[in-house]
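Examination of the molecular architecture
Take a look at the letters that make up each chain.
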Amino acid sequence: MEKKTVIYTFLGIFVLIGILPVVAMLLKSVLSKNGIDLSLYLNILSNKHQWTVFFNSFKLSITTTALSIAFGVLSAILFSKTNLPLKRLFTFIFSIPLFIPSYLNAVLWWEIMGKNGLMSKITTPSIAKICSHFYSGFSGSVFLMTITYSPIVMLLTMAYLNSINPSMEEAALLTSSWKRVLLKISIPIVKNGIIFAAMIVFLLSFGEFGIPVFMKYPVFPTESFTYFSAFYNFRLATALSTPVVFIILLVLLIEKKIAKQQTEITEYPNAKKPVINLKRSKIPVFTFILFSALMFYVLPILLLFIKSLPLTNLFHTLSDSLESVKNTITLGLIGAFSATITGFFIGYGISKNIIQKRESGDFFTLFTFAIPSTVSGIGLISLFNNGLTSFIYNSSLIVIAGFTAKYTLISNRITRIGINSIPPSMEEAAEIEGANWLYTLKKIILPLTKKQLMASFLICYVFCAREPELIMLTLPAGKDTLSVRLLNYMANGSESLIASLGIITLLISLVPVIPAMLLLKGEDL
Amino acid sequence: MKKFTVILAISLIIPFLLNSCSKRNREKTVVVYVSEDRVFSEPVLKEFEKETGIKVKAIYDTEENKSTGVMNRLIAEKNNPQADVYWANEPIRAEVLKQKGISQPYLSKNARTIPDKFKDKDGYWTGFSARARVFIVNKNSKEKPESILDYINPKWKGKCVIANPLFGTTTTEIAALFTLWGKEKTMDFLEKMKENKVLISTSNGESADLVAQGDYTFSLVDSDDAVNRIKQGKGVEIVYPDQKEGEIGTLILPNAVILIKGAPHKKEGEKLIDFLLSPETEQMLAKEDCAQIPLHKGVNPPSQLKEISKIKTMNIDYFEIAKKMIEIQPVLKKWIEN
């Protein structure tokens, strides 16, 4: 009884803050003075241009996802399975783009690849021309989005790889090479994790707006944005965001087709993990990874740091932005915590069949994740900006609600892996001994899902800390976060101010990583 | 279970209590939504705080969303407004809000000396500190453009750029042409622009950079974009379009301030509007990179720009432009798509 109450409470909260606002917006888009009016949707379907940009978005997100999987899985194997030197440092360096707002990333790479950028100064005019040509349109968008989103695949794959029962790999290694073990044992075991990461990257790339606009590549999200921003037509803008539903259904269909029902992942904290010895390839691989790290990850940050100099300028910006720093950390931590526990309880409900319709749970968590922030933000305003619930709308609770609705998916999926790996007999034994469910939760379930909870929390924090749109639409006046402040000042602000804010945003995004590492006491996530 | 219920109840009650406490301080606060760049508007609002002791709670817009985020918020909040004042960076948005019933009239005493053509006759918005739509021209070019019609002059084929007319001040410019020339002539102009291979950039800032880098010879941009590049030492200069006899003149876009209908802190909002419309504020906004042209007589313009009285300005009605803008958006969207 009490188990159900807790789970249904969280499910109810999710429906209230995640689904209802968007449903309210969708209803407005189909209702007119004369009743139900589907003409907007029919117009969208019959418009050739919409199909063209829809196809562009699809092509862009498929390519980005494929490349992110290739780079992400490869780097995950290198950094978690091999004896590559400095692999923890490389993991950190390769994750950096995830911590920076994508719009800033686009501008930074323009400083390198653009017509008068760094490449034009250190290479020949023809190479510079190729670089500048490459850094535009489809190729530029794919390049930047792959750099930005491949860390998601890398980190999730690493988390899954580190959870494989080492004895399985050791047994296989008795008769097979590492290459075969990876292809036949390790990768198939973590397949669900890679598919989940691919889903996230696909949906993020499909919804990405800032980078394609910067690269002048027409994509579907621009359509919805245009109707919000140029026409102030909320009905049409909402209608234009609904094709995401078809994308989600497609994603779920593919997932159902290729993902396995039950993962075999279980925690083996004390077991020694077998390591791939790179032998003679160690130095060339290390050199290649070092070059990639410096070229694609360190160089833009170095550029950002140089622009932020002198250090006094950086400190001055920091002292001016203390309130934004505080808001970013507080909202990020509370938002990540709220999304993590909501996702955990919904995930628990789905895993233990307390929430019967698993497919609906998956659909709606994906839906609130993929729907544009502008739609969910305006939905939250229309639902909560009234006399009765103004205490939510006039406080930071509204932002926490938005974060929870958007990022519940992350925790729901990740923590389900941990929940599924707990033998049901453990909970049953505790029940027979007379322990109530909250006690079982505290003593058995939470400790055994610690790593997944921590991973969800960290990923949610990073997403919350870099989110500008939802905050702009819902945060009470007089407050801001670093991502919003950064975008505010990108209009005519000095280069050094923008660079300093970029460095501070990056550092603040790393805030929970240190306590997380302390909590895990050096274990791999 | 009881514990869980108690925790849940407390977590809902605390924010409510905190909010109730903050309501008591409302009389000392003004909430303003700002589309003018934060780097320019924030110092002005801080000065207001210093002068009046009224706390300013602001929400600033971002370049990424084409400075329309706060407009969307104002529209979404219509039934229960949270903002007192909206500081728009051009008057068309103020007109749109008037037409949507989101603003209320306020005739500030400081608006008396602002020319009538830069304010709404009923007081729904008042203009101050303007930008001009000027040509930024690369100095390496021997010839200079003189009229907006140079966009369709074959001698400039492939050499000029304009920001996406679906957004911002370029939309206003095209809407102004629709009101002055009519639909047929303007559509012909737009089609000829395509034939003349005019590049469509993402923003005025990008257009200014493309000219400053020497990729293109000229572009219509906002005067602050041009002044900014001159201050950066780029080889560009400013040309005011259509200044000759019989030509249409230069489009002037003042900032506009409006009082929100149902503003929770109306008095403080009015004080802020008075402050923004004062000559002192115009002087602040004329300085540094902001480079806005004052509308009050006797306030010095930025050194790179002319006084408002010395510019031949476009003879337009902002109300008509706002109306026209909504009408032409689908046409412009189609033009961009094809």
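Quick notes on the rules
- Residues numbered from 1 in each chain as written.
- Chains lettered and ligands numbered in written order.
- Predicted model: local features only at pLDDT ≥ 70, side-chain atom pairs only at ≥ 80, totals over all residues.
- Heavy atoms only, no water.
- Helix = DSSP H or I, 4+ residues; strand = E, 2+ residues; numbered from the N terminus.
- Rg over C-alpha atoms; globule rule 2.2 N^0.38 Å.
- Buried < 20%, exposed > 50% of the residue type's maximum accessible area, 1.4 Å probe, protein only.
- Areas by Shrake-Rupley, 256 points an atom, 1.4 Å probe, with all protein chains shown as cover.
- Lys, Arg positive; Asp, Glu negative; His and termini not counted.
- Charge placed at Lys NZ, Arg CZ, Asp CG, Glu CD.
- Core = buried A, V, L, I, M, F, W, Y, C linked by side-chain atoms within 4.5 Å.
- Domains from an automatic or database assignment.
- Contact = heavy atoms within 4.5 Å.
- Buried area = accessible area lost by both parts, 1.4 Å probe.
- Salt bridge = Lys/Arg side-chain N within 4 Å of Asp/Glu carboxyl O.
- Polar contact = N/O pair within 3.5 Å; in protein donor to acceptor, adjacent residues only side chain to side chain.
- Axes fitted to C-alpha atoms, helices over the stretch in contact; angles between N-to-C directions.
- Parallel < 35°, antiparallel > 145°, perpendicular 65-115°, else oblique.
- Left-handed = near helix turned anticlockwise from the far one by under 90°.
- Nonpolar A, V, L, I, M, F, W, Y, C, P; charged D, E, K, R; others polar.
- 1 Å grid on protein atoms, 1.4 Å probe; cavity = no way out; pocket = protein on both sides within 12 Å on 5 of 7 lines; lining within 4 Å.
- Points joined across faces, edges and corners; volume = space filled by probe spheres on them.
- Patch = residues over 30% accessible without salt bridge, like charges linked within 9 Å, V, L, I, M, F, W, Y side chains within 5 Å.

This part is about the overall build of chain B. A count of helices and strands for chain B gives eleven helices and ten strands. Whereas a compact globule of 338 residues would reach a radius of gyration of roughly 20 Å, chain B reaches 22 Å, a difference of no more than 12%. Oriented by its inertia axes, the alpha-carbon framework of chain B measures out at about 80 × 50 × 40 Å. Expressed as a percentage of its 338 residues, the buried residues of chain B come to 58%. As displayed, chain B has an accessible area near 14,300 Å², and 52% of this comes from carbon and sulfur atoms. With 52 positive and 47 negative side-chain charges, chain B shows a spacing of 4 Å between the two charge centroids.

Turning our eyes to something else, we now look at the nonpolar core. Generally speaking, soluble globular proteins have nonpolar side chains that are buried together. Ranked by size, the top nonpolar core spans 260 residues in total, and within it B:Tyr86 and B:Tyr151 carry the most contacts. Ranked by residue count, the leading element in this core is helix α8 (residues 137-161) of chain A, at 13 residues. With 20 residues, the next largest nonpolar core counts A:Ile7, A:Phe345, A:Tyr348 and A:Ile445 among its residues.

Residues and elements named next belong to chain A. Under the domain assignment, chain A is made up of domain 1 (1-46 + 308-525) and domain 2 (48-266). Relative to domain 2, the C-alpha centre of domain 1 lies at a distance of 20 Å. With 50 residues of domain 1 at the contact, the number on the domain 2 side is 48 residues. The three residues of domain 1 that bury the most area against domain 2 are Ile44, Ile417 and Arg466, which together make up 15% of that side's buried surface. In this structure, the connection of domain 1 to domain 2 is made through two salt bridges. Asp37 serves as the salt-bridge partner of Arg235, at 4.0 Å between the closest nitrogen and oxygen. Linking domain 1 with domain 2 are seven residue pairs in polar contact (both at pLDDT 80 or more).

What follows concerns unusual backbone geometry. The amide bond that connects A:Leu309 to the next residue, A:Pro310, takes the cis arrangement and shows omega of 0 degrees. Mapped onto the elements of the fold, A:Pro310 is located in the loop between α16 (282-308) and α17 (311-320). Located in the positive-phi region is A:Lys279, a residue other than glycine, with phi close to 50 degrees. Within the fold, A:Lys279 resides in the loop between α15 (243-258) and α16. Residue A:Lys279 is classed as exposed on the basis of its relative accessible area, which comes to 64%. Here the phi dihedral of B:Ala291 falls at roughly 45 degrees; this positive angle occurs in a residue that is not glycine. Structurally, the position occupied by B:Ala291 is in the loop between α10 (279-286) and α11 (318-337).

Attention now goes to the packing of helix α1 (residues 2-30) of chain A against helix α14 (residues 234-241) of chain A. Residue and element names in this part refer to chain A. One way to put it is that α1 packs onto α14 with a least axis distance of 8 Å and a crossing angle of 115 degrees. One finds that α1 runs roughly perpendicular with respect to α14. In terms of crossing hand, the pair formed by α1 and α14 is left-handed. Residues Met25, Leu26, Lys28, Ser29 and Val30 of α1 touch α14, and the partners they reach there are Arg235, Thr238 and Ala239. Of the residues in the contact of α1 with α14, the class split is four nonpolar, two polar and two charged.

Residues and elements named next belong to chain A. Summed over the entire model, instances satisfying the criterion amount to seven cavities of 30 Å³ or more. What lines the largest cavity is a set of 35 residues, and nearest its centre among them are Gly207, Glu208, Phe209, Ser373 and Glu469. With five residues, the top contributor of residues to the lining of the largest cavity is helix α13 (residues 220-229). Residue composition of the lining of the largest cavity, grouped by class: 22 nonpolar, seven polar and six charged. For the lining of the largest cavity, the two domains that each supply at least three residues are domain 1 (1-46 + 308-525) and domain 2 (48-266).

Looking now at a nonpolar patch on the surface. Residues and elements named next belong to chain A. Residues Val23, Leu27, Leu31, Ile36, Leu38, Leu42, Leu45 and Trp51 make up a contiguous nonpolar surface patch of roughly 800 Å² in combined accessible area. Mapped by element, the contributors of at least two residues to the nonpolar patch are α1 and α2 (39-46). Mapped onto the elements, Leu27 comes out in helix α1.

The next point concerns the environment of A:Thr368. Residues and elements named next belong to chain A. Relative to the helices and strands, Thr368 resides in helix α19 (residues 358-370). Overall, the relative accessible area of 4% leaves Thr368 in the buried class. The spatial distance from the C-alpha of Thr368 to the C-alpha of Phe90 is 33 Å, given a sequence separation of 278 residues. The residues touching Thr368, leaving out its near neighbours within four places in the chain, are Phe14, Gly18, Ile19, Ala405 and Lys406. Engagement of the side chain of Thr368 in a polar contact is seen with the backbone oxygen of Thr365, the distance being 3.2 Å. Polar contacts involving the side chain of Thr368 include one to the main-chain carbonyl oxygen of Ala405, which spans 2.8 Å.

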